[in-house]
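A closer look at the structure
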Amino acid sequence: MADLFREFWWILFPMAAFAYTGWVQWLQYRRQKALLDVLKVYAEKGQEPPPGVTDALSRTENNGEWSHSASGVAGRYWLLAGLFGTLCAGFVWGGLDGRMDGGSGAFMIVGFVMGAVALWSLICAIVIQWRKPTP
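To keep things clear, this report deals only with the structure shown in the data block. (Residues numbered from 1 in each chain as written. Predicted model: local features only at pLDDT ≥ 70, side-chain atom pairs only at ≥ 80, totals over all residues. Heavy atoms only, no water.)

Re the packing of aromatic side chains
One pass over the structure, following the stated rule, counts three aromatic pairs. With 5.4 Å between their ring centres and 85° between their planes, Phe91 and Phe107 make a pair best called edge-to-face. You can see Phe91 sitting in helix α4 (residues 70-95) and its partner Phe107 sitting in helix α5 (residues 106-130), a full 16 residues away along the chain. Overall, the relative accessible area of 25% leaves Phe91 in the partly exposed class. (Phe/Tyr/Trp six-rings, centres within 6.5 Å; stacked < 30°, edge-to-face > 60°. Helix = DSSP H or I, 4+ residues; strand = E, 2+ residues; numbered from the N terminus. Buried < 20%, exposed > 50% of the residue type's maximum accessible area, 1.4 Å probe, protein only.)

Considering the side chain of Ser121
Along the polypeptide, Ser121 turns up in helix α5. Among the residues examined, Ser121 registers a relative accessible area of 0% and is labelled buried. Ignoring anything within four residues of it in the chain, the contact list for Ser121 reads Tyr77, Leu80 and Ala81. (Contact = heavy atoms within 4.5 Å.)

Taken by themselves, the reported measurements are silent on function.
Set out below in structure tokens:
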């Protein structure tokens, strides 16, 4: 069992990311369900809900962080470009001397793929940011 953990210790990181994402999604579901219950109470009484309740519901749908505007979407692509650019640099650096991947060149291939994704993200960010918003 110790050998299994020693060989596959890195799986803990994606598993932690999956667990964290599941937890955040569950909390968002609970928050949205509570807001819908409040709206249901107002609907049963025949009253108009306060603007704060409907604003909270719209913020929940957008996660409160990113809007659907061009600057919000471009910001996502800028982050992706930075992430994949850093991963590209790390894999290419790791594959330069061939000691980390046993001389197979696998790290270089992964580095070039990461570089292609970084370039794609960069192009998308620039195009979205320069594009004029539609009225």
